[in-house]
Amino acid sequence: MTTITRFAPSPTGRLHVGNIRTALHNWFLARKSGGKFMLRIDDTDAARSKEEFVDAIRADLAWLGLHPDGEERQSDRLELYDAAFERLKAAGRAYPAYETSQELELKRKVQLGRGLPPTYDRGALALSDEERAAKEAEGIAPHWRFKLDHEGPIAWEDGVRGSVKFDPAQLSDPVIRRADGSWLYMLPSAVDDIEMGVTDVLRGEDHVSNTAVQVQMFEALGASPPQFAHEALLMGKEGKLSKRLGSLGCDAFRERGLEPEALIALLARLGTSQPVEAISDRQALVEGFDLSTFGRAPAKFDDTELDRLNAAIVHQLDYADVSARLPAGMEEAGWHAVRPNLTTVGEVDDWWKLVTGPVEQPEFTDEDRAYLALADEALALAFAAGADPWGALTATLKEATGRKGKTLFLPLRQAFTGMNHGPDMGELLPLIGEDEARARLASAAAA
Ligand code: GLU
């Protein structure tokens, strides 16, 4: 059987780290077994769903390189939900209820006051035909609940949590359809998972009790439930998933100049027993993906770890991978010279100015000015000597002046780049070129 996974975001906002992680893991699961990864847009909530977010979800997945093998939209599939609903009604598994939200709230308060769990008391099931007819005659349209089967436990073998059991009598019959005919999440999702042939549902542990209900829906609709796995949720460094992190959209990571591979390397292994490493080889991550390595404790998402991974990934990027994003005139040698100094590719422009100039030099002491004048004289020979003018220049100056270490190198670096640190001078000097390098030495010596 082909593995079919799905990522089912509601288009009510941008994808945040938690969503991205769920999408990624479903993509891994499908890719690892040569299966399919489907995008399902959960847009039954017409008031909150927005087309701009549908577009943003597609764009974010494309940026992450998580290309779906197909896309469905719940708003296009309402007939399927109607058909399933009719079947549930005919089987006595969907029933009308008339309580207002205030009445339900009051019932909950009374139950809690008595120390009872606030499960729905099935008051609507106790209504006689006449009582129902009277409600309808009063113009009260019903909402609809799914009738849980209270027999026996609901049980499944969870890909992350192991054996999970629920007593259905402890759960409320969930509302599946509102009085205005619109759908709540629960039934359409189960119907789609059946119709789309979804074999594996991998999602956050906030859905565990939904799964208990949906297991019974699958069965009521004559389907066997898919394989379920529920991941521990992500937390911020400070303990819980902070507002900032929870609302940090994928666009924020893009704008920060992060590589999608950094986010992916982090989210691939966060919360697992495998070490988080700067792995940019997607296939290696796919092959290493293994639900049995996932822990039950909430995974801590650390933004500084993301920056660290990003830098490490940038340091591995080949010229061919980034050439389109580099400043004009920057070739492979330039990329290699500057790359180790970058934490994001976007910083390359500033570093490249060290080559193209102008550079702002510090004030030099008289002694250093004399030294730099000497360097100016030695420079032509150093360039004439071959491919390593920096090596030749510093060797000559070391011999001529007896300087070594910092006193030998630093005034030169400062004169050439205006900085105390930066790219390897051996790589940088040939890129600056002889004429420009001489001009910089001359101005430093003269200042
Ligand atoms: N739209 C639901 C959500 O975003 C989907 C949950 C599921 O994976 O079934 O929470």
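Quick summary incoming for the structure in this document. (Residues numbered from 1 in each chain as written. Predicted model: local features only at pLDDT ≥ 70, side-chain atom pairs only at ≥ 80, totals over all residues. Heavy atoms only, no water.)

Scanning the chain from N- to C-terminus turns up 20 helices and twelve strands. Taken over C-alpha atoms, the radius of gyration comes to 32 Å for the chain, far larger than the 22 Å a tight globule of 447 residues would show. For the chain, with 447 residues in total, the buried portion stands at 47%. Of the contacts made within the chain by residues no fewer than 6 positions apart, 74% connect residues no fewer than 24 positions apart. Computed over 51 positive and 72 negative side-chain charges, the separation of the two mean positions in the chain equals 5 Å. (Helix = DSSP H or I, 4+ residues; strand = E, 2+ residues; numbered from the N terminus. Rg over C-alpha atoms; globule rule 2.2 N^0.38 Å. Buried < 20%, exposed > 50% of the residue type's maximum accessible area, 1.4 Å probe, protein only. Contact = heavy atoms within 4.5 Å. Lys, Arg positive; Asp, Glu negative; His and termini not counted. Charge placed at Lys NZ, Arg CZ, Asp CG, Glu CD.)

When you line up the elements, T293 lands in the loop between α11 (282–288) and β12 (299–301). C-alpha of T293 to C-alpha of E332: the two residues are 39 residues apart in sequence and 40 Å apart in space.

This paragraph deals with helix α10 (residues 260–269). Across the ten residues that make up α10, a large majority, nine, are buried. Every buried residue of α10 is accounted for by P260, A262, L263, I264, A265, L266, L267, A268 and R269. G271 sits one or two residues past α10 and shows a positive phi near 85°.

Here the focus is the packing of helix α16 (residues 366–384) against helix α20 (residues 434–446). Contact pair α16 / α20: the axes reach a minimum separation of 8 Å and the direction vectors enclose 165°. It follows that α16 is roughly antiparallel to α20 by the angle criterion. Remark: the crossing between α16 and α20 carries left-handed chirality. Within the contact between the two elements, α16 uses R369, L372, A373, A375, D376, L379, A380 and F383 and α20 uses E434, A437, R438, L441, A442, A444, A445 and A446. Within the contact of α16 with α20, the residues separate by chemical class into twelve nonpolar, no polar and four charged. (Axes fitted to C-alpha atoms, helices over the stretch in contact; angles between N-to-C directions. Parallel < 35°, antiparallel > 145°, perpendicular 65-115°, else oblique. Left-handed = near helix turned anticlockwise from the far one by under 90°. Nonpolar A, V, L, I, M, F, W, Y, C, P; charged D, E, K, R; others polar.)

Turning next to the pairing of strand β2 (residues 36–41). In terms of residue burial, β2 counts as a mostly covered element, since five of its six residues are buried. Tracing the backbone out of strand β1 (residues 4–7), into helix α1 (residues 17–32) and back to the parallel element β2 gives a crossover that is right-handed. (Right-handed = clockwise from strand over helix to strand, strands pointing away.)

All residues adjacent to the ligand are R6, A8, S10, D42, Y185, S189, R203 and H207. Interatomic distance of 2.6 Å between a side-chain N/O atom of D42 and a nitrogen atom of the ligand. H207 places a side-chain nitrogen or oxygen 3.0 Å from an oxygen atom of the ligand. In isolation the ligand offers 300 Å² of accessible surface; the protein chains occlude 79% of this area. Taken together, the residues of the shell around the ligand sort by class into two nonpolar, three polar and three charged. (Near = heavy atom within 4 Å. Polar contact = N/O pair within 3.5 Å; in protein donor to acceptor, adjacent residues only side chain to side chain. Areas by Shrake-Rupley, 256 points an atom, 1.4 Å probe, with all protein chains shown as cover.)

For helix α3 (residues 78–90), with 13 residues, the first-to-last C-alpha span of 18 Å sits near the 18 Å given by 1.5 Å per residue. Of all the positions in α3, only Y81, A84, F85 and L88 are classed as buried. The buried side chains of α3 occupy one side of the element, clustering within an arc of 105° when seen end-on. More than 90 degrees from the buried face of α3, the exposed residues found are E79 and A90. Where α3 is buried, its residues touch β4 (94–97), β5 (143–146), β8 (175–177), α6 (186–195) and α7 (208–220). G92 occupies a position one or two residues after α3 and carries a positive phi of about 75°. (Expected span 1.5 Å × (residues − 1). Arc of directions from axis to C-beta.)

Right, let's get into the side chain of T211. Along the chain, T211 falls in helix α7. Under the relative-accessibility criterion, T211 is labelled buried at 0%. Those residues in contact with T211 that lie beyond four places of it in its chain are W156, R203, F228 and H230.

Counting 45 residues, the largest nonpolar core has F28, L66, F253 and F301 as the members making the most contacts within it. Residue assignment for this core shows that the elements contributing at least two residues are α1, β2, α2 (51–64), α9 (250–255), α10, α11, β12 and α12 (303–314). In terms of residue count, α1 provides more of this core than any other element does, eight residues in total. In this structure, L66 is in contact with A23, L24, W27, F37, L61, I264 and R282, ignoring residues within four places of it in sequence. Residues V338, A382, L408 and M425 belong to the second largest nonpolar core, which totals 38 residues. (Core = buried A, V, L, I, M, F, W, Y, C linked by side-chain atoms within 4.5 Å.)

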